[in-house]
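A look at the structure
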Amino acid sequence: MKSTLFVSDLDGTLLNNAQALSRFTIDTVNKFTDLGYKFCYATARSNATASIVTDGICKNMPVIVYNGTFILENGSQKILKGNYFSRSDADRITNTLLEHGISPIVYAFIDNKERFSFVPDSINQMTDDFITTRDDPRKRIATASQLLDGDVFHFTCIDESKKLLSAYEELKDHYDCVYHIDIYSNCPWLEIQPNGVSKARAVFDLKEMLGLERIVCFGDGVNDIPMFEIADECYAVKNAHESLKRIATGIIDTNENDGVARWIENRFLS
């Protein structure tokens with residue numbers, strides 16, 4: 001199994017409901033990797049937020065962030081593989097969202113720094129709540145003409161389901177779009193990435209980079225479905241979305257009960 005890449009989602013899977021790693025999970029993952037097994041995470045989070053909540057694990061492994069948009073060296077944050085929108089695609093997405101009454105948060109590298117931009121007068125209360133609860137140096141207030149500055153790689157939209165699903169239907173055949181309900185705020189989200197970007201693609205690419213042969217993954221949400229579909233084994237936590245459970249190799253304990261770590265312990269450390 002040392003020729004296997006083990007990959008876990010974070011929120012709702014490896015992290016507990018307090019958005020943290022338990023001491024048991026940290027110790028178990030580190031024992032596992034100390035034995036030479038390759039374990040990393042693939043998350044919808046940015047590196048800025050993922051690196052804080054995963055401090056202490058995966059120090060010598062690349063990690064996957066923004067639903068597969070980037071594969072990064074953990075620690076140095078060096079981009080091993082990145083994906084960006086062309087300006088014409090960024091314009092098309094923005095115009096489509098605005099036509100549906102959606103004001104997005106736009107993520108980009110501006111002057112070699114990661115930023116997320118928004119137009120304050122245009123966002124709704126759900127988006128404002130998301131932004132104002134984050135003391136984040138990446139935050140950037142923009143005018144409409146500045147919204148797409150830099151190298152754009154990700155759109156996040158928080159709005160009414162009807163509006164988001166309508167935009168999703170219009171964009172899904174051209175870009176990688178994920179519609180889901182956020183597990184913390186219970187708000188509808190639509191996330192848009194360049195075509196061909198997914199956790200699945202990034203996991204496969206990382207397996208090839210590391211010269212490994214198999215993939216075993218863990219998850220809880222609908223955005224983990226493509227990753228499950230390419231894995232040799234895939235395990236859904238008990239709190240996972242039913243659509244993910246239906247395609248899983250097996251069901252493990254919940255994120256709150258250290259399901260991933262207990263599976264590792266039972267299979268490899270006991």
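Residues numbered from 1 in each chain as written. Predicted model: local features only at pLDDT ≥ 70, side-chain atom pairs only at ≥ 80, totals over all residues. Heavy atoms only, no water.

Quick look at the overall build of the protein chain now. Looking only at helices and strands, the protein chain has 10 helices and 14 strands in total. Across its three principal directions, the C-alpha atoms of the protein chain cover 55 × 35 × 35 Å. Counting the 270 residues in the protein chain, one finds 54% classified as buried. In the protein chain, of all internal contacts separated by at least 6 residues, the share reaching a separation of at least 24 is 59%. For the protein chain, the exposed surface amounts to about 12,100 Å²; the carbon and sulfur share of it is 45%. Measuring between centres, the 28 positive side-chain charges of the protein chain sit 4 Å from its 39 negative side-chain charges. (Helix = DSSP H or I, 4+ residues; strand = E, 2+ residues; numbered from the N terminus. Buried < 20%, exposed > 50% of the residue type's maximum accessible area, 1.4 Å probe, protein only. Contact = heavy atoms within 4.5 Å. Areas by Shrake-Rupley, 256 points an atom, 1.4 Å probe, with all protein chains shown as cover. Lys, Arg positive; Asp, Glu negative; His and termini not counted. Charge placed at Lys NZ, Arg CZ, Asp CG, Glu CD.)

Below, the discussion takes up a nonpolar patch on the surface. A surface patch of nonpolar side chains, about 220 Å² in accessible area, is lined by Leu-80, Met-209 and Leu-210. Take Leu-80: it is sitting in strand β5 (residues 79–82). The class for Leu-80 is partly exposed, based on a relative accessible area of 33%. (Patch = residues over 30% accessible without salt bridge, like charges linked within 9 Å, V, L, I, M, F, W, Y side chains within 5 Å. Salt bridge = Lys/Arg side-chain N within 4 Å of Asp/Glu carboxyl O.)

This structure, assessed with the given rule, holds 25 aromatic pairs. On the basis of an interplanar angle of 90° and a centroid distance of 5.8 Å, the ring pair of Phe-70 and Phe-109 is categorised as edge-to-face. With Phe-70 in strand β4 (residues 70–72) and Phe-109 in strand β6 (residues 105–110), this residue pair connects regions lying 39 residues apart in the sequence. Residues Phe-70 and Phe-109 agree in their burial class; the two are buried. Ring pairing ties together the aromatic residues Phe-6, Phe-32, Tyr-37, Phe-39, Phe-218, Tyr-235, Trp-263 and Phe-268, which thus form one cluster. The positively charged end of Lys-2 is found above the aromatic ring belonging to Tyr-37, 5.4 Å away from the centroid. Over the ring of Phe-24 we find Arg-262, and its NZ or CZ is 4.3 Å from the ring centre. (Phe/Tyr/Trp six-rings, centres within 6.5 Å; stacked < 30°, edge-to-face > 60°. Lys NZ or Arg CZ within 6 Å of the ring centre and 35° of its normal.)

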